[in-house]
Amino acid sequence: MARIVIIGAGFGGIAAAAALVRAGFDDLVLLEKGDRIGGVWRDNTYPGCGCDIPAPLYSYSFAPNPQWSRRFPPRREILGYLQDFAERWGLLPRVRLNAQVTGAAWDDAAGRWRVSTADGGEVVADVLIPAVGQLGNPVVPVLKGAQRFEGPAVHTARWPEDLTVDGLNVGVIGTGASAIQLVPAIAGRAGRVTVFQRTPPWTLPKPDRRYSHLRERLYTRFPGLSRVPRWGVWGMTWVAGRAVTGHRVAGALLKGMSNAQRRLQVPDPALRARVTPVEPMGCKRVLFTNAWYPALRRPDVGLVTAPIEAVTPNGVLTSDGVEHRCDVLVYATGFDAVDFLVPVRIRGRDGKELSDVWRDGAFAYLGMSVPGFPNLFLMYGPNTNTGNSSVIYFHEAQARHIVQAVRLVAAGGAPLEVRRERSDSYDAEIQRRLATSVWTGCRSWYRTATGRIVTNWPGMAAEYRRRTRRLRPADYGRSLE
Ligand code: NAP
């Protein structure tokens, strides 16, 4: 029997725990730094926060939820779904809350991981599964004068519980996935919203709809029916996936839809010119929204495209010399996704630091295993992000693979460590494919400072699932057992 430590109790950690418990691995603890489970869905409480992948696919395949209120549910429902799931699967008692992992070191003599927590504690594990996600570390850009701003300045992922913006002048920096949800949600309630745009995003109409009570009753009675919308969404994401991986017709279709949306929703040619994307479609996440452009057209919402020069005590100064007065400043400026696992310090065989091994950019075999780091398997690790499908689909593929790995560990023998040659050839293949991908077309959270794409999977989601379905012991230097 293997003792397993999972770091993090978001969708990834919970998916791994559920699969392992189902496979009979009972000696398992999830160390969670927060005071409740939920990962990004716990942390992101900004107004308007919700899922931008339809819920039938943004949920575990084996735990459909007939109670979704709509196709794109708000964050509260998603968090509730995860909480209910963890409760029903008996996982909550296995979660240790407020347990911040600071580091983990491989003890070669004992063949085990020693995991340290911020309170000075240590947990010993045969298998370590970091599941800290990619979007847990908010980035606030360094702007001249930012410290002198007199009002509240908040990042979208750290929205204070007691912050209301009603009647206030709100400045929002950024026009990514977070901003396009936030701005329509506060427009009309805030006195004025000023949006500071550096790069206009590509958008698509959001095929959202409210789900009926009849549907809920039907899906509760016949849970198998939930496969129908799941396959429907799967089809949608397939087209999107084909578009970003270079299929001309799929690409032209989505581009046409996006352009038509802008033409319809932004009749004013001057405004339309300012919101028309200049980067290749798909090189950043394409955003589903029906409310972004109508919000920008409101008289109480302003779009500023002049670059930010500095933050002043009362607002934001742009390069055209205009000071935009703000009572509240919101940084919708995204996350540091490329420094995987920071600030957790992982030391593998011979005391090798994972951050050193990843100095030129993170990599992992199938996104899960790194040579020199035995019995360690990452959830949502390097090159397993998807801009067009559901991350939860990837989580399930990883969880299934990790169960097979843990079975091998539990069966005894040498610790399970991916062969360097296997890892190197895999990484070369992934990077070769990424080198001609759409994501090379702009700067984004997918890329390191040197331009290496470390977050995204280069192909279709189904390919990832296929390649991870069966663990090959030979990849880990084991003969077929
Ligand atoms: P993001 O996509 O990285 O967007 C950050 C925005 O801030 C960009 O518009 C960026 O402009 C701007 N920005 C950054 N630094 C700036 C500076 N110094 N001056 C001016 N503008 C600056 O971050 P995000 O919107 O938080 O989204 C991150 C990811 O989280 C998404 O891609 C998505 O995967 C996930 N997310 C998902 C949902 C959901 O519904 N499931 C919701 C929110 C977020 P540039 O484009 O010019 O860099």
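Above: the structure in question.
A. Region of the structure containing the site of the ligand. As a matter of local geometry, the ligand sits amid 24 residues, with Gly50, Thr175, Ser178, Thr199 and Lys284 nearest to it. At a separation of 2.4 Å, an oxygen atom of the ligand approaches a polar side-chain atom of Thr199. Expressed as a share of its isolated accessible area of 920 Å², the protein-covered part of the ligand is 85%. Element by element, the count of residues in the shell around the ligand is highest for helix H4 (residues 177-186), at three residues. Here the shell around the ligand is built from residues that sort into 10 nonpolar, nine polar and five charged. Mapping the shell around the ligand onto the domain boundaries places at least three of its residues in each of domain 1 (4-137 + 336-476) and domain 2 (163-202 + 240-331).

B. Looking closely at the packing of aromatic side chains. Under the definition given, this model contains 23 aromatic pairs. Pairing Phe62 with Trp89 gives two aromatic rings, centres 5.3 Å apart and planes at 65°, and the pair type is edge-to-face. Of the two residues, Phe62 is situated in the loop between helix H2 (40-43) and helix H3 (75-88) and Trp89 in the loop between H3 and strand E3 (95-96); the sequence distance between them amounts to 27 residues. Centre to centre, the rings of Tyr393 and Phe394 are 6.4 Å apart; their planes meet at 70°, and the pair counts as edge-to-face. Given the relative accessible area of 1%, Phe394 is considered buried. Here the aromatic residues Phe11, Trp41, Tyr58, Tyr60, Phe62, Trp68, Tyr81, Phe85 and Trp89 are joined through ring pairs into a cluster of three or more. One residue, Arg22, lies across the ring of Phe62, its end atom 4.6 Å from the ring centre. Geometry around Trp457 places Arg433 over its ring, the cationic atom sitting 5.9 Å from the centre.

Parameters at a glance
Residues numbered from 1 in each chain as written. Predicted model: local features only at pLDDT ≥ 70, side-chain atom pairs only at ≥ 80, totals over all residues. Heavy atoms only, no water. Near = heavy atom within 4 Å. Polar contact = N/O pair within 3.5 Å; in protein donor to acceptor, adjacent residues only side chain to side chain. Areas by Shrake-Rupley, 256 points an atom, 1.4 Å probe, with all protein chains shown as cover. Helix = DSSP H or I, 4+ residues; strand = E, 2+ residues; numbered from the N terminus. Nonpolar A, V, L, I, M, F, W, Y, C, P; charged D, E, K, R; others polar. Domains from an automatic or database assignment. Phe/Tyr/Trp six-rings, centres within 6.5 Å; stacked < 30°, edge-to-face > 60°. Buried < 20%, exposed > 50% of the residue type's maximum accessible area, 1.4 Å probe, protein only. Lys NZ or Arg CZ within 6 Å of the ring centre and 35° of its normal.

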